[in-house]
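Listed below are the residues making up each chain.
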Amino acid sequence: MEASKVPILHSGWVLKKKKKKMQGYAKRWLVLFEDGTLSYAIDPEKESRGIIDVPHASVSSDIRHDLKMLSDADFEKWRTMLRKFLHSYSSGADLSSNLDPAMTSIGNADALVQSSILTLRSFLSYNQSPEISTVLANLDELQRKHEEIRQTLTRRAPGDHGISRSATPVGHGSAGMGMGASATAGAAAGAMGGSAVSTHSAADEGDFYDAYDDFDGVEYQIEEEPGRGGDEGVEESDGESDSEETKEALPVKAAPAGNPQKQQISYRKELPAPVSGEEVSLFSMLKKNVGKDLSTISFPVTFNCPLSLLQAVAEEYEYGPDLLERAAQASDSLEKISLVGAFAVSGYASTAHRSSRKPFNPLLGETYECVRADRDLYFVAEKVVHRPPIVAAFAMGKGWKASSCGTVKNKFWGKSLELISEGCNIVELDSGEKYSISKPSSFMRNLLAGNKYLEHVGDMTVTEVNTNQRLVIQFKESSMFGGPASRNHVTGAVYDPNGSEVASLKGKWDEQFSRQIDKDHLQVLWEAAPMPPNPAKYYGFTNFAISLNEITPDIQGLLPPTDSRLRPDQRALEEGDVDKAEELKATLEGRQRERRKELEESGQTYEPQWFHKNSNTGPNDPEYVYGGANNNEYFQTRQSVAENQTKWDVQGANMFDEN
């Protein structure tokens, strides 16, 4: 089909995902004409390879884009131009009749909110009023809620079977849009407000076909394996994906240690109950305890989410097996450290929708395992010191192992709470490299007024201790006037042993992390899996987090009695019984104080079960390392329990007793 002959409204480069999985992105030239037709070619001098009629296209949103913009500015420009046609289009088809009034109302409200935001920001330029800042924050949140409603309406469009039905919109400013294969005309006219847009042609000839293999343009690789990334198992909808039933029941492989079962495990997609209990003001609690270490304060159970601190450490490994296995297999040191850096950044993605509730503080000796054969992940953590609360963890997979030991200190700054990570984090590859990772601070913002959110700010340094090659990643602080679009950005630079910069990286810690090959080359190292629908309903948990406290058939009867999944107060909160959770929490903490007092009176100290104090406490060595004082190894013991069908012989076996 020939491109339109009418004047050009807008044109520019975009990145188009190839139809076959795992083949990344290629650069394409898009042209939008004044009659609403959209054309694409492999470069501005070549003939058009196809067009679509934008006013007769349905629009949906998804984080896994088929098209991506080169920058946030490009995205905003394209969105503005495409909106000219999508908002004005009104189909007489039954598919859109139920949505148009709602979309129109949302669009009108958005315009009013945006106008108010611009007006108030102009006032702020000469009047730095905290009241105006608070109102602006609320308007930003209202605009975000409008977007969620708009995308919900889009997903509910009758006959729309695109992958957007299970997706959640991401924040404004994400430089991406998707074009898929759905042919539902006009089902969601006017829904271009999302940060990722999918435009589907009403006719087969409007599909954007992939380039020939001999195209010499730029490729943007996304090196990820099917099934890795999110428990929901959603992949790109290109006509080649497996059924949802297959994805939700991934086959469990035989584990190298302690998990001989070969069965299909289907992990849950939601918690037994939504967020429970009224949230008490964190600011009021902090104000009463200024100067105190928060780990010494017993908070009401409604300050908690139904996960322990041990499980929060396990969350950091959601993408670890894939990224670290690729790092172990890479032959280039630059690629290795870039992938280890991507792993370190990906550990923060699960916090994107966490704002105020904190994990349960584990009891001394409490443990948690995450044995996931579908992910090739074997993880164990233990609370090894009560005060300050120190957690030691060990994980392993194909070609790698990782150790961490540390605590989190806090500073109250009036409007925000700073969480300072202290300790050591080590990644070792079977190929011989050893990386030390230092973490930035985290801030809980707007404790006094406005919408609370979590932000990570400062430098993260990944150092290869044998060669002193370094990757420095800066977690940028959001700007006062930038709103949500200015949050979560990261930039990085790799330095060789001589201190010369040899590569740069960039992205957002809640979306993706990429390596800049050159001016026109971008290699996407990691991309976050979509969030579950309405994450606020379930504490802002990812799909992976939702599965962490679940007792699945493969671990039924195999867990040690100290595992966090067996903690009754945490389980009661997960099930929505706040009163029972509060009562049990007080009981368990009281018994812990009694046990600690008995140890002190007898002159004894607690000896961890699965970790021991490290005799070599250099800057690149954790204080506690894997392996008990009596050479007890968790995964070997676990395998013995599984094979012999015996019980765990561990200290603190009755720590969760309710009576």
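Quick caveat, the model's predicted, so the values are computed rather than measured. (Residues numbered from 1 in each chain as written. Predicted model: local features only at pLDDT ≥ 70, side-chain atom pairs only at ≥ 80, totals over all residues. Heavy atoms only, no water.)

## Observations regarding the overall build of the chain
Here is step 1: Looking only at helices and strands, the chain features 13 helices and 28 strands.
Here is step 2: Looking at the chain as a whole, 54% of its 659 residues qualify as buried.
Here is step 3: Across the chain, every contact between residues at least 6 apart in sequence was considered, and the portion connecting residues at least 24 apart equals 63%.
Here is step 4: Here the chain has roughly 28,500 Å² of accessible surface; of this, 49% comes from carbon and sulfur atoms. (Helix = DSSP H or I, 4+ residues; strand = E, 2+ residues; numbered from the N terminus. Buried < 20%, exposed > 50% of the residue type's maximum accessible area, 1.4 Å probe, protein only. Contact = heavy atoms within 4.5 Å. Areas by Shrake-Rupley, 256 points an atom, 1.4 Å probe, with all protein chains shown as cover.)

## So, the nonpolar core
Here is step 1: In terms of nonpolar packing, the biggest core is built from 65 residues, with F379, F513 and W526 touching the most fellow members.
Here is step 2: In this view, W526 contacts Y319, L323, A342, V345, S346, A349, K508, W509, D510, E511, Q512 and F513; residues no more than four positions away in its chain are not counted.
Here is step 3: Membership of the second largest hydrophobic core comes to 20 residues, among which are V371, Y378, F394 and Y624. (Core = buried A, V, L, I, M, F, W, Y, C linked by side-chain atoms within 4.5 Å.)

## Describing the pattern of salt bridges
Here is step 1: Following the criterion strictly, the structure yields 20 salt bridges and no others.
Here is step 2: Between R268 and E574 there is a salt bridge, with the nearest N and O atoms lying 2.8 Å from each other. With a gap of 306 residues between them, R268 in the loop between β11 (264-265) and α6 (282-288) and E574 in helix α11 (residues 568-574) connect regions that are remote in the sequence. Side by side, R268 and E574 carry an identical accessibility label, which is buried.
Here is step 3: D374 is paired through a salt bridge with R372; the nearest N and O atoms lie 3.1 Å apart. (Salt bridge = Lys/Arg side-chain N within 4 Å of Asp/Glu carboxyl O.)

## Some points on helix α8 (residues 320-329)
Here is step 1: By the criterion of burial, α8 is predominantly enclosed, with 9 of the 10 residues buried.
Here is step 2: Residues of α8 that are buried: G320, P321, D322, L323, L324, E325, R326, A327 and A328.
Here is step 3: Next to the buried residues of α8 lie α9 (333-346), β15 (377-385), β17 (400-412), β18 (417-429) and β26 (521-527).

## Brief notes about the packing of aromatic side chains
Here is step 1: Inspection of every chain in the model, using the stated rule, returns 15 aromatic pairs.
Here is step 2: Of the aromatic side chains, those joined through ring pairs into one cluster are Y378, F394, W610, F611, Y626, Y634, F635 and W648.
Here is step 3: The aromatic ring of Y267 is capped on one face by R372, whose charged end is 3.6 Å from the ring centroid.
Here is step 4: The aromatic ring of Y453 is capped on one face by R487, whose charged end is 3.6 Å from the ring centroid. (Phe/Tyr/Trp six-rings, centres within 6.5 Å; stacked < 30°, edge-to-face > 60°. Lys NZ or Arg CZ within 6 Å of the ring centre and 35° of its normal.)

## Some points on the packing of α8 against α9
Here is step 1: The contact between α8 and α9 brings their axes to 8 Å, and the two run at 170°. Considering the angle they form, α8 stands roughly antiparallel to α9. Contacts between α8 and α9 pair G320, L323, L324, R326, A327 and A328 from the former with K336, L339, V340, A342, F343 and S346 from the latter.
Here is step 2: Of the residues contributing to the contact of α8 with α9, the split by class is 8 nonpolar, 2 polar and 2 charged. (Axes fitted to C-alpha atoms, helices over the stretch in contact; angles between N-to-C directions. Parallel < 35°, antiparallel > 145°, perpendicular 65-115°, else oblique. Nonpolar A, V, L, I, M, F, W, Y, C, P; charged D, E, K, R; others polar.)

## Description of the pairing of β26
Here is step 1: Counting buried positions along β26 yields 6 of 7 residues, so the element is predominantly enclosed.
Here is step 2: In the sheet, strand β25 (residues 512-518) pairs with β26 via 6 bridges, with the strands oriented antiparallel. Its bridge partner being in β26, R515 is matched across the sheet by Q523. (Pairing = 2+ DSSP bridges.)

## Quick word on the pairing of strand β22 (residues 469-475)
Here is step 1: Of all 7 residues in β22, 5 are buried, a share of seventy percent or more.
Here is step 2: Alignment of strand β21 (residues 453-464) against β22, held across 7 bridges, turns out to be antiparallel. Looking at the pairing, T461 lines up with V472 of β22.
Here is step 3: Joining the antiparallel neighbours β21 and β22 is a turn of 4 residues, in which N468 adopts a positive phi near 70°.

## Focus on unusual backbone geometry
Here is step 1: The linkage connecting R387 with the following residue, P388, adopts the cis geometry, with an omega of 0°.
Here is step 2: Despite not being glycine, N468 shows a phi value in the positive range, around 70°.
Here is step 3: Within the secondary structure, N468 is located in the loop between β21 and β22.
Here is step 4: By relative accessible area, which is 42% here, N468 ends up partly exposed.
Here is step 5: Residue Q645 is not a glycine yet carries a positive backbone phi of 55°.
Here is step 6: Following the sequence through the fold, Q645 ends up in the segment after α13 (634-644).

## Section: helix α12 (residues 578-602)
Here is step 1: Across its 25 residues, α12 extends 36 Å between first and last C-alpha, which sits within 8% of the 36 Å expected from 1.5 Å per residue.
Here is step 2: Looking at α12, one finds that the buried residues are V578, A581, L584, K585, L588, E589, G590 and Q592.
Here is step 3: Where α12 is buried, its residues touch β12 (304-308), β13 (358-360) and α11.
Here is step 4: For α12, the N-terminal capping position is held by D577, with its side-chain oxygen 3.2 Å away from the main-chain nitrogen of K580.
Here is step 5: Remark: G603 follows α12 within two positions and exhibits a positive phi of approximately 75°. (Expected span 1.5 Å × (residues − 1). Polar contact = N/O pair within 3.5 Å; in protein donor to acceptor, adjacent residues only side chain to side chain.)

## A few points about the environment of S346
Here is step 1: In this fold, S346 is placed in helix α9.
Here is step 2: Note: C-alpha distance between S346 and W526 (180 residues apart in sequence) is 7.5 Å.
Here is step 3: Apart from residues lying up to four places away in sequence, S346 is in contact with Y319, L323 and W526.

Bear in mind that shape data such as this cannot, by itself, settle questions of function.
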